[in-house]
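Listed here are the chains, written in short residue letters.
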Amino acid sequence: MSGADGLPPDQLLRQAVAAHRGGRIREAAQLYERLLRLLPKQPQVLALYAELKLAAGEPEQAVPLLMRAAAAAPQNANLRQSLGHLLQDLGRLPAAVQSFRQALRLQPGNAELHSDLGSALKAQGKLAEALASFRQAVATKPELAELHLNLGGALKLAGDLPAARACYEAALQRNPGLKQAHNNLGLLLLAQGDVAAAVEYLQQALRIDPDYGEALLNLSLAELARRRLDAAEAHCRRAIALNPAGAAGHYNLAQVLKARGRFTDEATSLREAIRLDPGFALAHGNLGAALLDAGRADQAEASLRQALALDPSATATHILLAHTLRDLGRLDEAARAAEEAIRRAPPVERAAALASLAQVRLQQGLAEAATSLLQDAVREPGVDPDIYRTYLASLLYQRGDAPQDRYERRRHFASFAKAATAAPFANVPDPGRRLRLGYLSSDLRRHPVGRHLAPLLAGYDRRCFEVFCYAEVRQPDAETARLQGLVDGWRSSLGLTDAELAAQIRADGIDILVICAGHFDHNRPLVAQHRAAPVQVSLFDGASSGLPEMDYLLADRRMCPRDGSELYAERVIGLPRFYSHPPLEAAPPVGPLPMLRHGAVTFGCFNNPAKLSGETVRLWAAVLRAVPRSRLLLKYKSTYLGKATAKHFTSEFSAAGIGPERLELTASP
């Protein structure tokens, strides 16, 4: 038998292989086609042609060739193994599993085949079957380090971290130079919180291969965990330089930039990760979080919905979507997103999911429902201190607890972060020098706290005082710039841990630190536990901080009456007047009385509905009943337009004798 040019098949095959090995893809393909016209069922030719298609970047065209080769050589397990690898790479997992099983029927003692089957089953989500295959592989060839490595990966995925660690250590006993085992063990130790040990293993992986990008990225996470941000960023940038098209490098860099408080740069890195990998669900979700922090909730919603389209199971993304919709004033939708988060939440994320729904319920005016949710959240193990702080804030909107119970709950807040014994202060005890005051707040912006602080900051006698601000401000505005111009020093606290922030305050030589509105917003009361200043004062808080390190609480006798029943960790300093709100500069002129137009008094409240307790509603209803034909206008952003909020307050007032015709629920312009 010979080709059209008279060449025998064996000579054609030699020419095809030479062209193939020489990288002459088109010539080799033509020669393989000629051979297959002569020998359509020759397994060797089919397999070589499939190899060529793979080299040419045409894996789908390689599949039928390998299938024909395997059919032509039914006893050849290697062909079925190669076909399984190709199908798995293409995501055709059921077919890959079938191919590996067929190969194992031919070679039941092939340990690598058992491991390959385990990998395909793991990718299918059939973890129990995968573990059985990996264990069979190890039992068949226990001396092969890679098999222990693969079993360890499956055990880690199953949540059995001690067993996974034992497998990685077994792999290293058999092959100390196996860089993947050092990397995987480092990542596992990082997940267990043993950061120092994790760093050692990851650094060893890089000593074996300095260009090992995966280990660089994992080491960046380890350095981030121990707040070595320069090192973390350097590892990310080296990984990106080694693999500019890798989305993971830009994603990790974004996490480091977030820790530095560089939110704009964080968003840029996340966008680059998404450009490189449009299906990167975590990057879409984190970009949504960054946009939300930047005050761009509408754009955040789009990113979060894209993330959920890619991974509907991500509890954290549902929580972020609930926060975003709440910021947009779409509270009914926000509640549904939070309820979905609760439905999907694994135990470790349940507290955060409950808290997200609680925050929606608070803004809807459903304070009792919110507190009930938060009570469930704070019972979860390992609850975040900010969730407990939100719980304490929700209790301020209600009555019913005994003073001792309220106090004990606030004292419990101190258990969330125990600081090491602080070193002596370097502040010079010179009565002739200027005192240094520090204000710590997330509300140094267009916010009631910021407006109250403005005349205070402007009024200090600079001959006697230096004033610093520590701003946990994610969305600075014109009011932020105005406040910054009123003080001697301004520090952003974004990205700093409580310990790092306390160290900065100590380094600035602050004598008196004022922590504002500790229960609310993004404020940082636990900084006080690190004894950041010799004197620490709570201001604009609704109750005791519960922290023994907080020395004073500034209030007035209406907030903290001398004969009141409340208990305080601080010494209460009663001021003659507490509030110092300056006149609104852009206030419109006073218009005609609405009473002249309606013929009746219109009462109004433009406050957060969370503060309108049932007791308040009943008191207001009594006022409305006492004033014939009077009306009540309620407005707070777009909150009162939500169905749940409107239904709640119309029902509450109806139960108190005031019909819906006497209520006007509206939105801010």
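Residues numbered from 1 in each chain as written. Predicted model: local features only at pLDDT ≥ 70, side-chain atom pairs only at ≥ 80, totals over all residues. Heavy atoms only, no water.

**Considerations on the pattern of salt bridges**
Then comes step 1: The full count for this structure, using the stated rule, is 44 salt bridges.
Then comes step 2: For K141, the salt bridge goes to E112, with nearest N and O atoms at 3.3 Å. One end of the pair, K141, is in the loop between α8 (127-140) and α9 (145-157); the other, E112, is in helix α7 (residues 111-124), with 29 residues separating them in the sequence.
Then comes step 3: When its relative accessible area of 29% is taken as the criterion, K141 is described as partly exposed. (Salt bridge = Lys/Arg side-chain N within 4 Å of Asp/Glu carboxyl O. Helix = DSSP H or I, 4+ residues; strand = E, 2+ residues; numbered from the N terminus. Buried < 20%, exposed > 50% of the residue type's maximum accessible area, 1.4 Å probe, protein only.)

**Here's the deal with the sheet that holds strand β8 (residues 602-605)**
Then comes step 1: A sheet is described by the order of its strands in space; here three strands give the open sequence β8-β9-β10, paired in parallel fashion. Edge positions in the sheet fall to β8 and β10 (663-666), since each of these pairs with one other strand and no more. Sheet twist, expressed as the mean angle between neighbouring strand axes with direction ignored, is 20°.
Then comes step 2: Of the pairings in the sheet, the one linking β8 to strand β9 (residues 631-635) comprises four bridges and is parallel in character. The residue of β9 that forms the bridge with C605 is L634.
Then comes step 3: In this fold helix α29 (residues 614-626) packs onto β8 and β9, with an angle of close to 145° to the strand it touches most, β9.
Then comes step 4: In the packing of helix α30 (residues 643-655) onto the sheet, the strands contacted are β9 and β10, and the crossing angle to β10 comes to about 165°. (Pairing = 2+ DSSP bridges. Axes fitted to C-alpha atoms, helices over the stretch in contact; angles between N-to-C directions. Contact = heavy atoms within 4.5 Å.)

**Considering helix α18 (residues 297-310)**
Then comes step 1: Taking 1.5 Å of rise per residue, the 14 residues of α18 would be expected to cover 20 Å, and the 20 Å separating its terminal C-alpha atoms lies within 8% of that figure.
Then comes step 2: Considered for burial, the residues of α18 that qualify are A297, A300, E301, S303, L304, A307 and L308.
Then comes step 3: Elements that come into contact with the buried residues of α18 comprise α17 (281-293) and α19 (315-327). (Expected span 1.5 Å × (residues − 1).)

**Some words on unusual backbone geometry**
Then comes step 1: For A517, which is not glycine, the phi dihedral falls at a positive 45°.
Then comes step 2: By the element assignment, A517 lies in the loop between β4 (512-516) and β5 (535-539).
Then comes step 3: Residue A517 is classed as buried on the basis of its relative accessible area of 3%.

**As for the nonpolar core**
Then comes step 1: By size, the foremost hydrophobic cluster in this structure holds 75 residues, and its most contacted members are Y32, L35, Y49, L151 and A222.
Then comes step 2: Top element by residues in this core is helix α12 (residues 195-208). It accounts for seven residues.
Then comes step 3: Non-local contacts of L35, meaning those with residues more than four positions away in its chain, are made with P9, L12, L13, A16 and V45.
Then comes step 4: Core analysis: the second largest hydrophobic core is formed by 71 residues, L287, A289, A502 and I515 among them. (Core = buried A, V, L, I, M, F, W, Y, C linked by side-chain atoms within 4.5 Å.)

**Quick word on the sheet that holds strand β7 (residues 571-575)**
Then comes step 1: The parallel open sheet is built from seven strands, whose spatial order is β3-β2-β1-β4-β5-β6-β7. Each having just a single partner strand, β3 (489-492) and β7 make up the two edges of the open sheet. Averaged over all pairs of adjacent strands, the angle between strand axes in this sheet comes to 25°, irrespective of strand direction.
Then comes step 2: Where strand β6 (residues 552-556) meets β7, five bridges bridge the pair, whose relative direction is parallel. Its bridge partner being in β7, A555 is matched across the sheet by G574.
Then comes step 3: Helix α25 (residues 448-459) rests against β1 (435-441), β2 (465-471), β4 and β5 of the sheet, and its axis sits at about 170° to β1.
Then comes step 4: Packing of helix α27 (residues 498-507) onto the sheet brings it into contact with β1, β2, β3 and β4, and relative to β2 it is tilted by some 165°.

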